[in-house]
Amino acid sequence: MTAGAVSEVDSKFMAEALLLAEAAAQSGEVPVGAILVKDGETIAAAANAPIRLNDPTAHAEILVLREAGKSLANYRLPGTTLYVSLEPCPMCAAAIVHARVDRLVFGAADPKTGAAGTVMNLVQDSRLNHQLTVVGGVLASEAAVLLTNYGHSPGDLDLLIYFHSHG
Ligand code: ZN
């Protein structure tokens, strides 16, 4: 994984992503929140919503990329940083690569479907035509607490066991 420094700015945006994750949880979704930032400004923000929208692709990251593309009137999003409270799954990681996002900052690692270095690493695969700088573990314990408070599925349970054993 490419090393990247964690800044106060990263912590600030991750805290906002965690608020969105909490909102997702309150809607009965797995608590994940995402924010896309360019030049220090939030371009798009979303909470995980596949259950509410009856859409298996409505992960927070996908919703953020769609909103940002519309907002910037561009299908590529160079010069942006994506903040997400949980490590992206393969679907989202591929979408992030397609979007040409520069930098990915995530909170908790996902031992089941994490595609930014845990199960696989799609966002830094040299066989693909775009690689990102990745910073993981930003406010990870806060993200894990959210999953603890709201998680009910076996997948979430595995995640919790992972966090308890990896501190
Ligand atoms: Zn996803």
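Now for a description of the structure that goes with this document. (Residues numbered from 1 in each chain as written. Predicted model: local features only at pLDDT ≥ 70, side-chain atom pairs only at ≥ 80, totals over all residues.)

When you go through the protein chain residue by residue, the secondary structure sums to six helices and five strands. In the protein chain, the succession of α and β elements from N to C terminus is α-β-β-α-α-β-α-β-β-α-α. Buried residues in the protein chain amount to 44% of all 167 residues. By sequence separation, contacts in the protein chain at least 24 residues apart represent 57% of the contacts at least 6 residues apart. (Helix = DSSP H or I, 4+ residues; strand = E, 2+ residues; numbered from the N terminus. Buried ≥ 20, exposed ≤ 12 C-beta atoms within 10 Å, placed from the backbone. Contact = placed C-beta atoms within 7 Å.)

Moving on: the nonpolar core. Counting 58 residues, the largest nonpolar core has Ala 34, Val 64 and Ile 96 as the members making the most contacts within it. The element contributing the most residues to this core is helix α1 (residues 8–26), with eight residues. Setting aside chain neighbours within four positions, we find Ile 96 in contact with Glu 61, Leu 82, Pro 88, Val 101, Leu 104, Val 123 and Leu 132. (Core = buried A, V, L, I, M, F, W, Y, C linked by C-beta atoms within 7 Å.)

Our focus in this paragraph is the packing of α1 against helix α5 (residues 140–150). Contact geometry for α1 and α5: axes closest at 10 Å, N-to-C directions at 5°. With respect to α5, the element α1 is oriented roughly parallel. Note on element contacts: α5 touches α1 through Glu 142, Ala 143, Leu 146 and Tyr 150, opposite Leu 18, Ala 21, Glu 22 and Ala 25. By residue class, the composition of the contact of α1 with α5 is six nonpolar, no polar and two charged. (Axes fitted to C-alpha atoms, helices over the stretch in contact; angles between N-to-C directions. Parallel < 35°, antiparallel > 145°, perpendicular 65-115°, else oblique. Nonpolar A, V, L, I, M, F, W, Y, C, P; charged D, E, K, R; others polar.)

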